[in-house]
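Chain and residue survey
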Amino acid sequence: MAEHRYSPQEIEPRWQELWAKERTWEVSNEPVAGARGDGRAGSTGGGAHAGGRASSSYVLEMLPYPGGEPHIGHLKCYSLGDAIAHFRRRLGARVLHPMGYDAFGLPAENHAIRTGVHPRTSTAESIASFRRQFHSWGISIDWSRELATDEPSYYGWTQWIFLQLFRAGLAYRKEAAVKWCPKDQTVLANEQVEPDGTCERCGALVEVKQLEQWFLRITDYAERLLNDLDAIDWPEHVKTMQRNWIGRSEGAEVIFRCEEIGVDYPVFTTRPDTLFGATFFVMAPEHPDVMRLARGTEQEQAVHEYVNHALNETNEQRGNADKPKTGVPLGRTVVNPVNGERIPMYVADYVLMEYGTGAIMAVPAHDERDYAFARAFDLPIRRVIMPPPAEHTVSKPASPPGEDGGAGELPYIGEGTLVNSRPDFDGMPNREALSEIVAWLDREGKGHASVNYRLRDWLVSRQRYWGTPIPIIHCEACGLVPVPDEQLPVELPDVEDYMPKGRSPLAGAEEWVNVSCPQCGGRARRETDTMDTFVDSSWYFMRYCDSSNESAAWDPAALREWMPVDQYIGGVEHAILHLMYARFFTKALADLGHVDFQEPFQALFTQGMVTKDGAKMSKSKGNVVSPAAIVERVGADTARCYILFIGPPDQDADWSDEGVEGVHRFLGKLWRLSAETGERAGAPSAELAGRSDAEGDDLALLRKTHWAIDKVSGDLRRFAFNTAIAAVMELLNDCSRLRESVQLDTLRFALASAASLLFPFAPHVSADVYDRLTGERVWEQPWPQAEEALLERESYELVCQVNGKVRDRVQASADASVQELKELCRAAPNVIAHVDGKEIVKEIVVPGKLVNLVVR
RNA sequence: GCACCAGUACCUUAAUCGGUGAAAGGACCGGUCUUAAACACCGGUGAUCCGGGUUCGAGCCCCGGCUGGUGCACCA
């Protein structure tokens, strides 16, 4: 008797080598005319493959940042994506499933500062490790399209795109108050600052600095980025996060004039209907005019102190809404354009420079923050909206307008009727008054309707070394001059000192920096800032479509074949930044005529985190599970299967070593039972179960098999991988239980089907099992189809209830009529005992399930 | 504080339309095999957060509460 031992260490490399040698997962950009031209296509024909050209499908997981070794989150992401890719292939699609590396970035550079090792070296080592492990996991990647964003052949095109944006006015330079990380010595995007005011990467307290920086005009796209969310198939919570981030509000811009210094100050408000209730005016401490306004007044010193104090506060301290309101008067007034009133100006830290115009009109009666400030500073509070009469009072109008009580508590945020405004607005519902007032302001030239966004322009320059150089030359005569396309890529030079000193380390590479101006030929200097790495990852999915193209970023025909990505997969931590930037790039490139679609990712799946003992894995906690160690111990199939079995893939899941053993046992059982069965059956045979005459246990196993086919197919469509695997486990349990009592062909069919269904999750063992049983390549088989006839039963156990309680069960035929079912139930012995002469008042029949008799 | 999601056995997860006695894996217990153990095989224990409502019938629907998670949070 041959020993049957499941040995992934033997099985997995064997199949991996075959797939590598035959380049099984590579796809060309030229669709072959149907499956006919493809010699390797499924030998059994295959419904989905037959006739016409196969459909194209682009399945993409977010590209990894190659730092150190892959972690368990990578295993989950790529196991997930691979399952989807395999499933689509076997449904008949040509699937593009590429891989690359987001290779620029701070960690490699900081490592270089510590060790002196060039970032290129450490990154290359890490990439090699990622590549090796992806191979050992058996992920079905088209390696011919592999790319890394730090290769000149890639970033040359990143630079080309930057220049496209620059020429279109979408990339610009301006001095701005920027977030500066003193530890990393670089500027951060707003998005990279944590809510507590620390750097996302290193945790240092972020400072504010005035510097000239490069920005991309993403705000031009705010409206489209918002609206087009409706048309894509993304998780609702991700869309919500994007909508909140864009933060669209409708309202009006209204001009308040400071007559003392003769300057107009526009404010943005969403509530122009409350304009008549404005009793003071507040500016943000960062507002450039604050000191100018206070100069020469007796408030100058106090304002100076207050502003300094406010600027040194962290976002966390300042952002706390429960904090008592602080501020100081500016000693100036502005005129409310609707009624000519002079109202006092204040500076207070509850007003934010980043939002609106950095100045607000304060309406304490109808805004909580303004109310709190007014109470603290003893400022007038004027009600201009009356709530509608309370429901319980008789339909009598509310008490007459005025300062009196009876109108409810202030501040009042809700809807109502205007009072204390102008005679022609008083009495109007506030919604209506809002548009009337805006129209009136517009006519008077004192304001206009306006839409405001929370979204800021994207700050893309970094004073760091390890990034894509910005391809611009500074010429004293010509200004900002783009590097001519034929001189791209502007290669990143080697430097000796990576340490940032408030300017990019590139500034030290004199030979590289000093150039002649492409326009006038005069002396000029290269831009020394590099790009935020999010720029690199904002277009990589397009490069995959044509990654070896040396004369263009892509051939438009290649994009037409594959884009947009049909299924994108990645962590929810990228819900805002990466996904927003990639969408912006796509739209900008569409406007410039380079692509002909508006959204890069048609469908998005966000995977949950993998935790250990309920906590995020981290080196400091010592609870890191290494994929390499797991794969070495139990094999890639077990690791992949387990991580998908552990729970719904969009939820967080806790890793348990015992759970891994369970899945390992399951795969071992499948393999052993199949090896045994293959041996008993003699030569492998593609001739699978003849089912028409099956009965007894054979029929039961056949039914279970088709149930599993149906279940797994449905589960895969909705990404319920955990239940799909559980269904195969159930099928295998039945195979094992019935193995002695069914015909060999039935058992072989059931086991081969189990392997076929499991292939997207555990490709190696599934391929091996399928080969042993049938001599065929499972990945060349079309996805199995469940036989409708076998999903139905010709008879079933009818549940007989009396008053909702199960009292008996009897066999009923599947086509029994409602009347027959009632009779069957009434005749059941235990039902008779419980009815016992009582009156049957109601009979509920659920065909296929039960009959319930209600008795009294 | 606001919004959304979730509470099922000791643990992690299932359960189309409201329809049987709530399923899978792990853990645990017993048996077979073994000198013994591990492996394997066979068998077993065990659950719908609390309170109300709708219904012939509720894990599933509605209301209230409790607990946990996520997102937003001075955005004018």
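The shown structure was predicted, so the numbers you read here are calculated from the model rather than taken from an experiment.

**Describing the packing of helix α19 (residues 636-645) against helix α20 (residues 657-681)**
At a minimum axis distance of 9 Å, the contact between α19 and α20 shows a crossing angle of 120°. In terms of orientation, α19 and α20 fall into the oblique class. The chirality of how α19 crosses α20 is right-handed. In this structure, α19 contributes D637, T638, C641, Y642 and F645 to the contact, and α20 contributes G659, V660, V663, H664 and L667. Residue composition of the contact of α19 with α20, grouped by class: six nonpolar, three polar and one charged.

**Focus on the nonpolar core**
Across soluble globular proteins, nonpolar side chains show a tendency to be buried alongside one another. The biggest cluster of nonpolar side chains holds 91 residues, and the ones touching the most others in it are Y58, F162, W458 and F541. Among the elements that make up this core, the one with the highest residue count is helix α17 (residues 577-591) (ten residues). Shared between two domains, this core takes at least three residues from each, and those domains are domain 1 (64-149 + 223-245 + 538-607) and domain 2 (159-217 + 457-535). Beyond its immediate sequence surroundings of up to four residues, F162 is in contact with A171, W214, L216, V460, I470, P471, I472 and M531. Listed in part, the 88 residues of the second largest apolar core include I141, A148, W671 and C735.

**Quick notes on unusual backbone geometry**
Between L488 and P489 the backbone carries a cis peptide bond, its omega angle lying at 0°. As for its placement among the helices and strands, P489 is situated in the loop between β20 (479-482) and α13 (510-513). For the peptide bond that leads from M563 to P564, omega is -5°, which places it in the cis range. Note that P564 resides in the loop between α16 (556-562) and β24 (567-571).

**Describing the domain arrangement of chain A**
Segmenting chain A into domains produces domain 1 (64-149 + 223-245 + 538-607), domain 2 (159-217 + 457-535), domain 3 (249-452), domain 4 (657-791) and domain 5 (795-855). For domain 2 and domain 4, the distance between their C-alpha centroids amounts to 57 Å.

**Describing empty space enclosed by the protein**
Any empty space left between atoms is shown by rolling a water-sized probe over those atoms. Taken as a whole, this structure holds one cavity of 30 Å³ or more when the rule is applied. Of the voids in this model, the largest cavity is the one considered here, and its volume is about 180 Å³. Surrounding the largest cavity, 15 residues form its lining, G105, L106, R462, D532 and T533 being those nearest its centre. Broken down by secondary-structure element, the contributors of at least two residues to the lining of the largest cavity are α3 (106-115), β6 (186-188) and β23 (530-531). Split by residue class, the lining of the largest cavity holds four nonpolar, six polar and five charged. A domain-level breakdown of the lining of the largest cavity finds at least three residues from each of domain 1 (64-149 + 223-245 + 538-607) and domain 2 (159-217 + 457-535).

Calculation criteria
- Here, residues in each chain are numbered from 1, in the same order as that chain's written sequence.
- Going through the entries in the order they are written, you letter the chains from A and number the ligands from 1.
- Confidence filtering applies because this is a predicted model: local features only for residues at pLDDT of at least 70, side-chain atom pairs given and counted only at 80 or more, and all residues used for totals across whole chains, interfaces and linings.
- Water and hydrogen atoms play no part in the side-chain values, which are based on all heavy atoms of the structure.
- For helices, the fitted line uses only the C-alpha atoms of the stretch in contact; every axis is such a line through C-alpha atoms, and the angle between N-to-C directions lies from 0 to 180 degrees.
- Each helix is a run of H or I in the DSSP string that is no shorter than four residues. Each strand is a run of E no shorter than two, and both are numbered from the N terminus.
- Angles are sorted into four bins: roughly parallel if under 35 degrees, roughly antiparallel if over 145, roughly perpendicular if 65 to 115, and oblique for all others.
- Two helices cross in a left-handed way if the nearer one is turned anticlockwise from the farther one by less than a right angle. They cross in a right-handed way if the turn is clockwise.
- The contact rule is simple, with two residues in contact once any of their heavy atoms fall within 4.5 Å.
- In this classification, Asp, Glu, Lys and Arg are treated as charged, Ala, Val, Leu, Ile, Met, Phe, Trp, Tyr, Cys and Pro as nonpolar, and every other residue, Gly included, as polar.
- What is meant by a nonpolar core is a set of buried Ala, Val, Leu, Ile, Met, Phe, Trp, Tyr and Cys residues, joined one to another through side-chain atoms within 4.5 Å.
- Accessibility here uses a 1.4 Å probe with only protein chains present; expressed as a share of the type maximum, an area under 20% marks a residue as buried, one over 50% as exposed, and anything in between as partly exposed.
- Domain limits in this description derive from either an automatic procedure or a database domain assignment.
- Here a cavity denotes grid points, spaced 1 Å and computed from the protein atoms alone, that fit a 1.4 Å probe unable to get out, and a pocket denotes an open set having protein on both sides within 12 Å along at least 5 of 7 lines; residues with an atom within 4 Å of a point are the lining.
- Grid points are joined across faces, edges and corners, and a volume is the space filled by probe spheres set on the points.

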